[in-house]
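Results of the structural survey
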Amino acid sequence: MEAIFSSIGLRRFLHRPAGRAPKWSKETVNQDVLNASYAVRGPVLDLAMKMEERLRSGESLPFKEMIYCNIGNPQSLQQKPLTFVRQVLSLVTNPLLLEKHSDLFPSDAVARAQKYLGAHPMGAYSNSQGIKTVREEVAAFIGKRDQTFSPDPDAIFLINGASEGVRYGLQSLLRPRLAGYHDGVLVPIPQYPLYSALTTLLNGELVPYYLREEEGWTLEVGDLEEALKQARARGVTVRGLVVINPGNPTGQLLSRANMEKIIEFCVQENLVLMADEVYQTNIYVDDRGFLSFRKVAVDMGYPPDAGPEEQGMNKKHLQLVSFHSVSKGFMGECGLRGGYMELFGIPPGVKAQLYKLASISLCSNTIGQVVTGLMVHPPEEGSPSFPTYEGERTATLASLRRRAQKLTAGLGNLEGVSVQPSTGAMYSFPRLSLPPAFHAEAVKQGAKADELYCIRLVEATGIVVVPGSGFGQVDGSWHFRTTFLPPEDKMDSVMERLGKFHKELLDAYRGTRDTHKAFAQEIILGLERLNAWHRKLNQYMCLMCSSCYYVITERCQVTSAYVTMVSFKA
């Protein structure tokens with residue numbers, strides 16, 4: 001009996017006296033940690049870092065430098081920090097400069113540093129929700145951006161990057177399995193791996209809804225409804241919906257009409273809308289500006305206050321949490337870890353628990369808080385720092401637009417590659433059509449086809465990208481995600497390296513019917529192993545009444561072999 005319980009993960013329900021604890025090892029580590037993955041810093045990056053060490057040691061490789069296109073980390077690829085931001089940071093981190101050398105800095109930078117230091121010393125813990133002066137700046141920014149009323153500063157949390165806010169939200173939303181809950185959250189596929197990793201760590205269920213690649217990675221509410229229906233049929237209580245706008249890794253923008261339907265869907269189905277809006281200044285089309293979910297919700301008449309909890313929640317009330325970060329946009333201050341989340345329609349009792357989560361870490365780092373203030377409250381027109389700031393901002397965004405267009409055009413010219421235009425964010429997510437022999441090679445090596453492609457790419461060119469399988473994709477499709485952050489004067493070289501590699505790989509694996517047959521035989525071998533696993537699983541199934549599964553027998557058109565497969569019903 002214990003073996004059966006253990007095999008299905010229920011050993012913890014067998015209560016018996018505990019013995020001596022095992023040593024901390026990979027085998028005894030928390031299984032949720034072991035199962036979590038974060039593709040943008042996965043095995044391809046591990047290989048790249050080893051290769052960089054080999055370059056530094058003087059070893060000769062087919063390339064002279066690594067190009068890290070795996071993560072949106074602009075300053076690692078030579079984007080310069082904004083002058084005003086670093087001037088204020090210099091002053092708040094070394095107040096002696098204010099006392100003795102303030103004449104070296106613009107007067108508005110001096111005034112801003114004095115304002116922040118007057119509100120809070122940088123080396124002291126702040127309020128767990130963040131320095132109030134900065135939260136007031138964030139609230140004013142949101143009101144100005146959305147052309148609506150400003151939110152209450154007490155609805156703002158300053159956080160160590162948007163990732164921390166997402167973690168707070170999911171921690172408080174997904175209830176424990178041990179208490180009998182089976183909670184999940186709707187997440188777009190492709191998605192940013194933060195969401196899958198956190199859902200796994202918190203023992204929740206990621207409920208995928210698929211963006212439509214052929215239609216420019218659009219989000220259809222009908223697909224949300226179907227994903228929700230299927231999840232509920234499996235016994236999953238879906239509690240939230242994640243929307244990334246502009247998209248990561250897909251770079252798409254949602255229309256107002258689409259956003260209105262999404263909001264109505266969340267209200268109707270009682271879902272918390274988690275709006276990841278960290279790329280809101282990274283938009284590369286002239287006829288579209290950023291539109292926040294908060295703006296759309298306010299325009300639709302939804303109130304920002306949840307109302308008294310003791311009276312129960314209004315069924316027509318929207319619950320929205322929005323995230324923004326200093327890491328993206330034109331600032332690229334990834335390492336300083338700053339950002340905010342805004343609560344909209346969230347009841348006081350939930351906010352109190354979020355505050356408790358923030359209190360466990362005492363506060364977000366104060367430098368990141370200041371940078372968040374500088375992001376939302378830049379130099380004003382007519383101030384000494386405005387011309388430099390505006391020039392740097394405009395030049396960075398214009399360069400990102402040109403690089404996005406160059407990357408899209410270059411990828412689109414490669415044989416077997418299709419790519420949707422990047423209208424926002426910092427990424428492209430091209431689709432790969434690879435020769436059958438390459439797929440067979442991937443099967444032999446126990447790797448996914450896109451993972452092997454990315455490994456071969458970094459080995460041959462030093463260009464680091466991320467396999468699409470790390471973000472999720474439609475079964476049978478293969479992609480990779482790349483940023484367009486390399487310096488503009490290196491983009492041609494990057495595309496040349498990538499194009500040469502891609503052509504050589506296709507040429508090396510082009511084959512005849514014999515190659516296709518070899519590939520099919522590898523697939524059949526894999527299916528036979530799967531069937532063996534199903535037969536073993538049957539020992540632990542009920543009486544095999546076929547009410548929850550069915551058997552399919554198909555004939556392979558290449559090998560003429562018959563293959564029997566077991567498939568579980570939805």
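If you check an unreviewed UniProt entry, the protein chain appears there as Alanine aminotransferase from Nannochloropsis gaditana. Looking at the Subunit (unreviewed entry) heading of the UniProt record, one finds this comment for the protein chain: "Homodimer."

Right, let's talk about the pairing of strand β3 (residues 183-189) for a bit. Burial runs high along β3: seven of the seven residues are buried. The alternating pattern of β3 places D183, V185, V187 and I189 on one face and G184, L186 and P188 on the opposite face, and all of these are buried. Relative to strand β5 (residues 237-244), β3 runs parallel, the two sharing four bridges. The residue bridging G184 from the neighbouring strand is V238, located in β5. Two strands pair when backbone bridges link them, and β3 and strand β4 (residues 205-210) are joined in this way by six bridges, in the parallel orientation.

Let's shift gears to the confidence of the model for the protein chain. Per-residue pLDDT for the protein chain averages 85, and the proportion of residues at 70 or more is 84%. Contacts for the low-pLDDT stretch residues 537-553, under 50 throughout, to residues beyond four places or in other chains number 29 contacts. Segment residues 555-564: pLDDT under 50, and 28 contacts once partners within four positions in sequence are set aside and those in other chains are kept.

Residue placement: D108 occurs in helix α6 (residues 107-119). Buried and unpaired, D108 has no salt bridge, with R112 as the nearest side chain of opposite charge at 7.1 Å. With near-sequence residues (within four places) excluded, D108 lies in contact with F84, P379, S383, P384 and S385.

Here helix α16 (residues 436-444) has its buried residues at A437, F438, H439, A440 and A442. Count one or two residues on from α16 and you reach G446, which has phi positive near 70°.

For the bond running from N245 to P246, omega is -5°, close enough to zero to count as cis. Locating P246 in the fold gives a position in the loop between β5 and α11 (256-269). The backbone of W217 shows a phi angle near 60°, a positive value even though the residue is not glycine. Mapped onto the elements of the fold, W217 is located in the loop between β4 and α10 (221-233). One non-glycine residue, N270, lies in positive phi territory at about 60°. Mapping N270 onto the fold places it in the loop between α11 and β6 (272-276).

Quick look at the sheet that holds β6 now. The strand order across the open sheet formed by seven strands is β2-β8-β7-β6-β5-β3-β4, and the pairing between neighbours is mixed. Across the chains shown, the open sheet's two edge strands, defined by having one partner strand only, are β2 (156-159) and β4. Each adjacent strand pair in this sheet contributes to an overall mean axis angle of 20°, direction not counted. Of the strands in this sheet, β2, β7 (319-325) and β8 (339-344) are in contact with helix α14 (residues 366-376), which crosses β8 at around 70°.

Aromatic ring pairs: the centre-centre distance and the angle between the two ring planes describe each pair. In total, this model carries eight aromatic pairs according to the counting rule given. Seen from their ring centres, F429 and F471 are 5.8 Å apart, and the 80° between their planes marks the pair as edge-to-face. Placement of the pair is F429 in the loop between β10 (427-428) and β11 (431-432) and F471 in the loop between β13 (466-467) and β14 (478-483), with a sequence separation of 42 residues. Residue classification places F429 among the buried positions, given a relative accessible area of 3%. Consider the rings of F438 and Y509, whose centres lie 5.2 Å apart with planes at 90°: the pair is edge-to-face.

Viewed as axis vectors pointing N to C, helix α15 (residues 386-412) and helix α18 (residues 491-509) meet at an angle of 20°, and their least axial separation amounts to 11 Å. Comparing their axes, α18 and α15 come out roughly parallel. Of the two possible hands of crossing, α15 and α18 adopt the one that is right-handed. Between α15 and α18, the residues in contact are R403, K406, L407, G410 and L411 and M491, D492, M495 and L498, respectively.

It is worth spelling out the nonpolar core at this point. If you look at the biggest cluster of nonpolar residues, it comprises 109 residues, and the most contacted ones within it are M66, Y340, L411, Y453 and L498. It is α18 that contributes the most residues to this core, eight residues altogether. Structurally, this core is a two-domain feature, drawing no fewer than three residues from each of domain 1 (31-75 + 398-506) and domain 2 (120-377). Sequence-distant contacts of M66, defined by excluding residues within four places in its chain, comprise A48, M51, E52, L55, V458, G462 and V464.

Thresholds, definitions, all that
- Residues numbered from 1 in each chain as written.
- Predicted model: local features only at pLDDT ≥ 70, side-chain atom pairs only at ≥ 80, totals over all residues.
- Heavy atoms only, no water.
- UniProt positions renumbered as here; feature names shortened; annotations may be inferred.
- Buried < 20%, exposed > 50% of the residue type's maximum accessible area, 1.4 Å probe, protein only.
- Helix = DSSP H or I, 4+ residues; strand = E, 2+ residues; numbered from the N terminus.
- Pairing = 2+ DSSP bridges.
- pLDDT = per-residue confidence, 0-100.
- Contact = heavy atoms within 4.5 Å.
- Lys, Arg positive; Asp, Glu negative; His and termini not counted.
- Salt bridge = Lys/Arg side-chain N within 4 Å of Asp/Glu carboxyl O.
- Axes fitted to C-alpha atoms, helices over the stretch in contact; angles between N-to-C directions.
- Phe/Tyr/Trp six-rings, centres within 6.5 Å; stacked < 30°, edge-to-face > 60°.
- Parallel < 35°, antiparallel > 145°, perpendicular 65-115°, else oblique.
- Left-handed = near helix turned anticlockwise from the far one by under 90°.
- Core = buried A, V, L, I, M, F, W, Y, C linked by side-chain atoms within 4.5 Å.
- Domains from an automatic or database assignment.

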